[in-house]
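Chain by chain, the residues:
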Amino acid sequence: MLVDFNSLPEESRVWIYQANRSFSEEELEEIQAKLNTFIENWTAHGSDLHAGYTLKYKRFIVIGLDQSQAKATGCSVDSSVHFIQQLEKDYNVDLMDKMNVSYKQGEYVAHKTLTDFRKMAKDKAVSKNTIVFNNLVTTVAEFNESWEVPASESWHSRFVK
């Protein structure tokens, strides 16, 4: 069952997929339609999953699930991963690689490999104050409070001094 992402309880589970490039407006419209269809039909052992999504910065797909209604099962998580993998193929984009870093440069969102980000930190091209996206958050509350944070307040802190 598709619900408004902003109405999900704070303890709802989130999965964040970051693209290695920005989506076009046309792609975003298509992705929204596909997400609507997927989430409307997303189930766990025959029970509707109360889930929503948000698209951020033309680059992030965030899926949230209210597990107080019904919990995700291995099969339902697998189906969401297959859905994301299909989006990767449809739009020739990388959404699953966790070894990439996205961060803000002013209002622009930049995307680098972890190796490049580490080198940029060493070269002082990014600092502890650089706003990074902590895609390791697991709940709506964490997403709202700790997703966009200075590098010093996330796992990125090990690279910036």
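Counting starts from 1 at the beginning of each chain's written sequence and moves along it residue by residue. Two thresholds apply to this predicted model, a pLDDT of at least 70 for residue-level local features and 80 or more for giving and counting side-chain atom pairs, whereas whole-chain, interface and lining totals are computed over all residues. Think of the side-chain values as coming from all heavy atoms in the structure, minus any hydrogens and water.

As for unusual backbone geometry
- If you check the backbone angles, His 45 has positive phi at about 50° while not being a glycine.
- The way it works is that DSSP assigns letters per residue, a run of H or I at least four long becomes a helix, a run of E at least two long becomes a strand, and they are numbered from the N terminus. Summarising the element assignment, His 45 is placed in the loop between strand E2 (43-44) and strand E3 (47-48).
- The buried label applies to any residue whose accessible area, calculated with a 1.4 Å probe on protein chains only, is under 20% of its type's maximum; exposed applies above 50%, and partly exposed to all values in between. For His 45, a relative accessible area of 72% corresponds to the exposed category.
- Positive phi is not limited to glycine here, since Tyr 57 has a value of about 55°.
- One can find Tyr 57 in the loop between strand E4 (51-56) and strand E5 (60-65).
- A relative accessible area of 31% means that Tyr 57 is categorised as partly exposed.

Considering the sheet that holds E4
- Note on pairing: DSSP must find at least two bridges between two strands before they are called paired. With respect to topology, three strands assemble into an open sheet ordered E1-E5-E4, the strand pairing being antiparallel. Of all the strands in the sheet, the pair left with one neighbour each is strand E1 (13-18) and E4. In this sheet, neighbouring strand axes are inclined to one another by 15° on average, regardless of whether the strands run parallel or antiparallel.
- Sheet topology note: the E4/E5 ladder contains six bridges and is antiparallel. Within E5, the residue paired with Gly 52 across the bridge is Gly 64.
- The criterion used for residue contact is that any of the two residues' heavy atoms lie within 4.5 Å. The convention used is that axes are lines fitted to C-alpha atoms, helices contributing only their stretch in contact, and that angles between N-to-C directions extend from 0 to 180 degrees. The strands touched by helix H1 (residues 25-40) within the sheet are E4 and E5, with E4 carrying the most contacts at an inclination of about 165°.

Focus: helix H3 (residues 114-122)
- Listing the buried residues of H3 in full gives Leu 114, Phe 117, Met 120 and Ala 121. Burial along H3 is one-sided: seen end-on, the buried residues are contained in an arc of 120°. What points out from H3, more than 90 degrees from its buried face, is the exposed set Thr 115, Lys 119 and Lys 122.
- Elements in contact with the buried residues of H3: strand E6 (100-105), strand E7 (108-113) and strand E8 (131-133).
- Lys 124, located one to two residues past H3, shows a positive phi value of around 65°. Directions drawn from the helix axis to the C-beta atoms are what define this arc.

Points about the pairing of E5
- Counting buried residues in E5 gives six out of six residues, a clear majority hidden from the surface.
- The side-chain alternation of E5 yields two buried faces, one formed by Phe 60, Val 62 and Gly 64 and the other by Ile 61, Ile 63 and Leu 65.
- The sheet contact formed by E1 and E5 spans six bridges and is antiparallel. The partner of Val 14 across the bridge, within E5, is Gly 64.
- Here E4 folds back onto E5 in antiparallel fashion, the turn holding three residues, of which Tyr 57 has a positive phi close to 55°.

Points about the pattern of salt bridges
- Any carboxyl oxygen of Asp or Glu that lies within 4 Å of a side-chain nitrogen of Lys or Arg is treated as forming a salt bridge with it. Evaluated as defined, the whole model comprises five salt bridges.
- With its nearest N and O atoms 2.8 Å apart, the salt bridge here joins Glu 25 to Lys 58. Of this pair, Glu 25 sits in helix H1 while Lys 58 is found in the loop between E4 and E5, placing the two residues 33 residues apart along the sequence.
- Relative accessible area serves as the criterion here: at 40%, Lys 58 is assigned to the partly exposed category.

Re the side chain of His 50
- In this fold, His 50 is placed in the loop between E3 and E4.
- By relative accessible area, which is 19% here, His 50 ends up buried.
- Setting aside residues up to four positions removed in sequence, His 50 forms contacts with Met 1, Val 3, Leu 8, Gly 64, Leu 65, Asp 66 and Gln 69.

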